[in-house]
Amino acid sequence: MEKFLSTLIIIFIVLYILKWLFRLIMPWLLKIFAKKMMKKAGFQMPEDDARQDAEKKSRTRGNSSKDFYLKPRRREGQSWSDVLGGEYIECEEVI
């Protein structure tokens, strides 16, 4: 009977220690997991935002707008469909 009680007490102590460690480590593991999943899904992380802001500032060169985009330029003899990457296709109704 003594061995049974000592084994039971040891099991409870180990479970209590595991529960305590789980409470300490789990928030940290969840934070790491969430960051990985957000990066995988394509969300911007705070570290990435700082880097992209620096790149935007170097690209805009004094442009005060926050949104930066390149305007398409048409060369001589080039149609807008060639510039924008598509062409008009007529559609026929089928009844």
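Residues numbered from 1 in each chain as written. Predicted model: local features only at pLDDT ≥ 70, side-chain atom pairs only at ≥ 80, totals over all residues. Heavy atoms only, no water.

(A) Focus on the overall build of the chain. Counting secondary structure elements, the chain contains three helices and zero strands. Shown N-terminal to C-terminal, the secondary structure of the chain runs as helices and strands in the order α-α-α. Counting every atom, the chain has about 10000 Å² of accessible surface; 61% of that belongs to carbon and sulfur. (Helix = DSSP H or I, 4+ residues; strand = E, 2+ residues; numbered from the N terminus. Areas by Shrake-Rupley, 256 points an atom, 1.4 Å probe, with all protein chains shown as cover.)

(B) Structural view of helix α1 (residues 2-41). Compared with an ideal rise of 1.5 Å per residue, which puts 40 residues at 58 Å, α1 spans 56 Å between its outermost C-alpha atoms and is within 8% of the ideal. Where α1 bends most, at Ile-25, the angle is about 35°, and the proline Pro-27 comes one to four residues later. Just beyond α1, the residue with positive phi is Gly-42, at close to 100°. (Expected span 1.5 Å × (residues − 1). Bend = angle between axes of the 7 residues up to and from the residue.)

(C) Examining the confidence of the model for the chain more closely. Chain-level pLDDT for the chain is 77 on average; 61% of the residues reach the 70-or-more range. Across the chain, the secondary-structure element scoring lowest on mean pLDDT is helix α2 (residues 46-60), at 61, and the one scoring highest is α1, at 91. (pLDDT = per-residue confidence, 0-100.)

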